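Descriptive structure summary
Each chain, letter by letter, is given below.
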Amino acid sequence: MFGFLKRKKTPPAPVDPLATFDRLIEDLERQAAEVRKSAATLLALKGELARGVTRYTARLGDIAGRCQTAHERGDAKGVGVLERDRVQTERLLESTRESLRRAERDAELLLSAAGDLGERVADLRIERESASARMAVGGVITDTLREQVERFDRVLALEAARDEVEKAHALADIYREEHGPAATPARAKE
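Criteria and cut-off values
Residues numbered from 1 in each chain as written. Predicted model: local features only at pLDDT ≥ 70, side-chain atom pairs only at ≥ 80, totals over all residues. Heavy atoms only, no water. Helix = DSSP H or I, 4+ residues; strand = E, 2+ residues; numbered from the N terminus. Buried < 20%, exposed > 50% of the residue type's maximum accessible area, 1.4 Å probe, protein only. Contact = heavy atoms within 4.5 Å. Areas by Shrake-Rupley, 256 points an atom, 1.4 Å probe, with all protein chains shown as cover. Salt bridge = Lys/Arg side-chain N within 4 Å of Asp/Glu carboxyl O. 1 Å grid on protein atoms, 1.4 Å probe; cavity = no way out; pocket = protein on both sides within 12 Å on 5 of 7 lines; lining within 4 Å. Points joined across faces, edges and corners; volume = space filled by probe spheres on them. Nonpolar A, V, L, I, M, F, W, Y, C, P; charged D, E, K, R; others polar. Phe/Tyr/Trp six-rings, centres within 6.5 Å; stacked < 30°, edge-to-face > 60°. Lys NZ or Arg CZ within 6 Å of the ring centre and 35° of its normal. pLDDT = per-residue confidence, 0-100. Expected span 1.5 Å × (residues − 1).

With that settled, the discussion passes to the overall build of the protein chain. Of the regular secondary structure elements, the protein chain holds four helices and zero strands. The buried share of the protein chain, reckoned over its 190 residues, is 26%. Sequence separation of at least 24 residues holds for 82% of the intrachain contacts in the protein chain that already meet a minimum separation of 6. Surface accessibility of the protein chain: about 13,400 Å² in total, with carbon and sulfur atoms responsible for 57%.

Locating Ser-99 in the fold gives a position in helix α2 (residues 76-138). In this structure, Ser-99 is in contact with Leu-49 and Glu-177, ignoring residues within four places of it in sequence.

Here we come to the pattern of salt bridges. Where charged atoms from two side chains of opposite charge come close, those side chains can pair. By the definition in use, this model includes ten salt bridges. The salt bridge partner of Glu-129 is Arg-128, with a shortest N-O separation of 3.7 Å. Under the relative-accessibility criterion, Arg-128 is labelled buried at 18%. Look at the salt bridges and you will find they share partners, linking Asp-22, Arg-128 and Glu-129 into a network.

So, on to empty space enclosed by the protein. Here the structure, examined in full by the defined rule, presents one cavity of 30 Å³ or more. A volume near 40 Å³ is recorded for the largest cavity. Around the largest cavity, the lining residues are Leu-42, Leu-45, Ser-99, Arg-102, Ala-103, Asp-106, Asp-173 and Glu-177. Element by element, the count of residues in the lining of the largest cavity is highest for α2, at four residues. When grouped by side-chain class, the residues that make up the lining of the largest cavity number three nonpolar, one polar and four charged.

Turning our eyes to something else, we now look at the packing of aromatic side chains. Summed over the entire model, instances satisfying the criterion amount to zero aromatic pairs. The positively charged end of Arg-55 is found above the aromatic ring belonging to Tyr-56, 5.3 Å away from the centroid.

This part is about the environment of Gly-115. Inspection of the secondary structure puts Gly-115 in helix α2. Taking relative accessible area as the criterion, Gly-115 reaches 36% and is therefore assigned partly exposed. In sequence terms Gly-115 and Ala-32 are 83 residues apart; their C-alpha atoms lie 8.2 Å from each other.

The subject of this paragraph is the confidence of the model for the protein chain. Scored by pLDDT, the protein chain has a mean of 80; 77% of the residues are at 70 or more. For the protein chain, helix α4 (residues 185-189) is the element with the lowest average pLDDT, namely 47, and helix α1 (residues 17-73) is the one with the highest, namely 91.

What follows is about α1. Spanning 57 residues, α1 covers 83 Å between terminal C-alpha atoms, matching the ideal 84 Å at 1.5 Å per step. Backbone geometry just downstream of α1 places Gly-74 in the positive-phi region, at approximately 75°.

Encoded structure:
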């Protein structure tokens, strides 16, 4: 009866598909930058760990020589101290090697993820250019393109969640490495 009092709802403004592609591309580029940053951190850590392996290996050689000298001189107390040093250094060496292996695996994973993200960005750029050409020629956005953009949003959300999990893993590993074995009692038992 009073239908004329009802205000007509204005339809939402149409979504610009090119702006959607641009946002998706920017999001993927940001993700790729974060992954590359994490990979660079792991690669720097890998270099530090490799130097640690070299240092501990040299220390073991030095301890072996000193132990031999102490043994030849009949210095049982010196041999005992050097033996404890050897055991401690071997543990440090093995721990450093394990950390190095982990850093190498994680760095490879992050570099691979960065490469995948780069490929996806390139594919999206190509697709964006194609969409731009279709829009210029046709002037109309098809329902198929809208469905495709929605699928990209879902895939992007899933990939973003996966990337966050990997980033969290990498950051936890970095924290674990910075704070040493005391920060990870559960891992020390493994």
